[in-house]
Amino acid sequence: MLLKQQRELVQTGVVTEAQLSEALESPEAKKSGLLFALLQTPGVDEKVLLQTLARTYKVPYLDLSNFKPDPKLLDVCSEALCLEYGFVPIDSHDGNLVIAMGDPLNYTALDALRFKLGRQIRPIFARPDLIQRKVREYYQGEESFDAAMSELEGGGGGFDVEAVSHEQETANLDELRKGAEDSPIIKLVNGVVVKALKSGSSDIHIEPGEQHSVVRLRVDGRLRPSLKFPSNVHSLVASRIKIMAKLDISNTRTPQDGRARVRMWDKNYDMRISTLPAMYGEKVVIRILDKSGLSLKLEALGFEKTADARVRECITRPTGAVLVTGPTGSGKTTTLYSFLHHINDPETNMITVEDPVEFQIKGINQVQINPKAGMTFAAALRSILRQDPDVVMVGEIRDEETAEIALHAAQTGHLVLSTLHTNDAPSTVTRLREMGIDSTLLASSLNLIVAQRLVRRLCPSCKVEDELDAETIERFDVPEGVTLYKPKGCERCMNVGYRGRIGVHEVLYINDRLREMVARSVSDRDLLLAAREEGMFTLFEDGFAKALKGLTSLKEVLRMATPPEDFHLRDRLDEEGNLLSLGGSLRRREQERRQVSQSTGERTILVVDDSSSVRQVVKFVLAAEGFQILQAEDGQQAWDMIQRTKPDMVISDFDMPNMSGPELIQRIRQQGAFNDMPVMLLTSHKEEEAEVLGLETGADDYIGKPVEPLKLQARVKKMLAMYDRIRVASQGDLNG
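Residues numbered from 1 in each chain as written. Predicted model: local features only at pLDDT ≥ 70, side-chain atom pairs only at ≥ 80, totals over all residues. Heavy atoms only, no water.

Engineer: Please explain the pattern of salt bridges as it appears in this structure.
Structural biologist: Should their charged atoms come close, side chains of opposite charge can pair. Considering all chains together, one arrives at 32 salt bridges under this definition. Residues Arg-667 and Glu-516 are paired through a salt bridge, measuring 2.8 Å at the closest nitrogen-oxygen approach. Here Arg-667 is found in helix H29 (residues 661-670), whereas its partner Glu-516 is found in helix H21 (residues 512-519), with 151 residues between them in sequence. Here Glu-516 falls in the partly exposed class, since its relative accessible area comes to 26%. Between Arg-559 and Glu-556 there is a salt bridge whose closest N-O contact spans 2.6 Å. Separated by three residues within a single helix, Arg-559 and Glu-556 lie in helix H24 (residues 554-560), roughly one turn from each other. Its relative accessible area of 41% is what places Arg-559 among the partly exposed residues. (Salt bridge = Lys/Arg side-chain N within 4 Å of Asp/Glu carboxyl O. Helix = DSSP H or I, 4+ residues; strand = E, 2+ residues; numbered from the N terminus. Buried < 20%, exposed > 50% of the residue type's maximum accessible area, 1.4 Å probe, protein only.)

Engineer: I'm lost on the pairing of strand E2 (residues 96-101) in this one. Help?
Structural biologist: The side chains of a regular strand alternate, residue by residue, between the two faces of the sheet. Of all six residues in E2, five are buried, a share of seventy percent or more. Where strand E1 (residues 87-93) lies against E2, six bridges are found, and the strand directions are antiparallel. Directly across from Ser-92, in E2, lies its bridge partner Leu-97. Across six bridges, E2 lies against strand E3 (residues 120-125) in parallel orientation. Its bridge partner being in E3, Val-98 is matched across the sheet by Arg-122. This β-α-β element, E2 to helix H8 (residues 107-117) to E3, shows right-handed connectivity. (Pairing = 2+ DSSP bridges. Right-handed = clockwise from strand over helix to strand, strands pointing away.)

Engineer: Where do I start with the side chain of Ser-445 in this structure?
Structural biologist: Note on placement: Ser-445 falls in helix H19 (residues 439-445). The class of Ser-445 is buried, set by a relative accessible area of 1%. One polar contact links the side chain of Ser-445 to the main-chain carbonyl oxygen of Leu-441, over a distance of 2.6 Å. (Polar contact = N/O pair within 3.5 Å; in protein donor to acceptor, adjacent residues only side chain to side chain.)

Engineer: In this structure, what is going on with the packing of helix H1 (residues 3-11) against helix H5 (residues 46-57)? I would like to understand it.
Structural biologist: How two helices sit against one another is set out by the angle between their axes and by the gap between those axes. Running from N to C, H1 and H5 cross one another at 130 degrees; their axes reach a closest spacing of 10 Å. Classified by the angle between their axes, H1 and H5 sit oblique to one another. Considering how the two elements wind past one another, H1 and H5 form a crossing that is right-handed. Note on element contacts: H5 touches H1 through Leu-49, Thr-52, Leu-53, Thr-56 and Tyr-57, opposite Gln-5, Glu-8 and Leu-9. Residues belonging to the contact of H1 with H5 are distributed by class as follows: four nonpolar, three polar and one charged. (Axes fitted to C-alpha atoms, helices over the stretch in contact; angles between N-to-C directions. Parallel < 35°, antiparallel > 145°, perpendicular 65-115°, else oblique. Left-handed = near helix turned anticlockwise from the far one by under 90°. Contact = heavy atoms within 4.5 Å. Nonpolar A, V, L, I, M, F, W, Y, C, P; charged D, E, K, R; others polar.)

Engineer: What am I meant to see in the sheet that holds strand E18 (residues 498-509) here?
Structural biologist: Strand pairing in a sheet takes place through backbone hydrogen bonds and is either antiparallel or parallel in direction. A sheet is described by the order of its strands in space; here seven strands give the open sequence E12-E11-E13-E14-E10-E15-E18, paired in mixed fashion. For this open sheet the edge positions go to strand E12 (365-368) and E18, each flanked by a neighbour on one side alone. Here the strands of the sheet are splayed against their neighbours by 20 degrees on average, with no regard to which way each runs. By the bridge criterion, four bridges tie strand E11 (residues 350-354) to strand E13 (residues 391-394) in an arrangement that is parallel. When the sheet's bridge partners are listed, Thr-352 is paired in E13 with Met-393. Strands in contact with helix H16 (residues 377-384) are E11 and E13; relative to E11, the strand with the most contacts, it is inclined by about 165 degrees.

Have a look at this one:
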């Protein structure tokens, strides 16, 4: 776009100086041009922009959205020519050819077209990105595909297809190869691949049946039936795909894996091909890897604010392990590549070992494993550690040997990134323990665990408000004024209502509290609760937060994750309507409780005892005096509560599981923040040694069981009054 057009857009108020500057500095402007960048800039009216440019160019503007050209014109202009010069043929009369271009002032292109086509060219203006899409649509349409299907179903094409029964012991390889390379089979396979690429599919499933074989395409994570073809040509289709991947077409009894690459629309697509013998033939799955659509920016991953800060901190540490977990196809590799891209610099030696190497990243040494040659993950990792690496990425931890080497490397001056297959972040620790990894090794090496899923993104062009039913409102305690959205469907999203996918994450940040719990081999449930109290969103909570922002639907979130039992939306929203973590919600509740306590003078006492009956008796006795009572069933739970909710006093039993009373008191006294908190031991131990031990570890008082109500009330009030006097005296000394 020339400076003249830029000035006119600003002078007419179509865009502002700020919007123009933003577009000029964006990566889209360098890659695809200024017009494309302006169309992506927030606040720019696309329709007004395009019509204003058309007036500036002094040519008509044509919206190509619903335009279909005359097929005869497509014969005149080849696909390669249209892509090279960026135009679509629109009309022809009196020897003149009307074409739609994104830059109708490109006189070099117009002169070249006049020479190559031997006609006068009349340009009109159209969206450049729409031109490219329409070229693909017009020239990679269904005609050749339909022709191939009709030839197969009608037995045409100049050859006879002989059905190969799955019961036959052998097949004639020459006939199989010849049939696989015949025109209708090639057209069918090419048509399936083109259809998948046009729809943005990630996988192609070709499934054999008794009468028909079925092709299904995975779009945005969901399989959609695409077409059927006669089962008697399934072996030829499978053989054609095997030939593309250089697999053994004679082997139909064992699974095979291969790779192929296709180039279309000036882009390379890698395909990972897998075959699996089934009842009526070989099932073929093709995984499509589009390198051009890969964004390696951390911002594109969609982490929640706190999680994003924690991820950035952990991947820039010099040592430790960062693990990404989730099922196949959940985007784990893309996430790891994004981490590597973020920390990649010339001063860092980064080596990856993968199976397979999906995308090549400049500046990183990537190693492909080869089990047949003895190059396993463990063997490669041993060699890599002798290559003086700073950062090591292991494609997947599959066994104890690989896990042990990787985690030892994380302890000895290396940052290790890897993936694992688990349901959520806390269960990753259990999975590694089951592999045989010691809990102390896990505690000292793990820095971060990211569990990940992909959910479909609502189409921004057609999403509508979701009217929640009474059952959903009650189940999640949804307050009034909360707006969620659901899919509707339009042309832009192929009437599905979703377009693209976004990540949903569970980021378990291993701080000192969680590191200690990992070392003690606590259960997944306890680790999950502690992580949530420390600010972690579960997969469901992160998905719900994105649903509140209108990025996805509640139905899609529920398809992907199970809500926690304690989830109540009413208690979890902040003033701006954003979702709080469980820890944030608890801190807000504690702050409100403290404000009430300060205004009413009410005191909070934490009662710690593994006997619920003792806790209830103490609660009854002290509540009668106006105290608010919190309860914990062991020392570890009490310590977690004290850190989160500082009570005015602690009354603890002596002998308890996980952490005893004296151990709890010792830990409290080691923290200066709790110096003004009185602690009392309430126990059935009568011996002098136990009382001395309790007092020496820092207890302020020692009282025996069974509970004597009046004595307990008096001792509690006396101790709180004594601490109040000390606090007042200390304030006086400071003021003096």
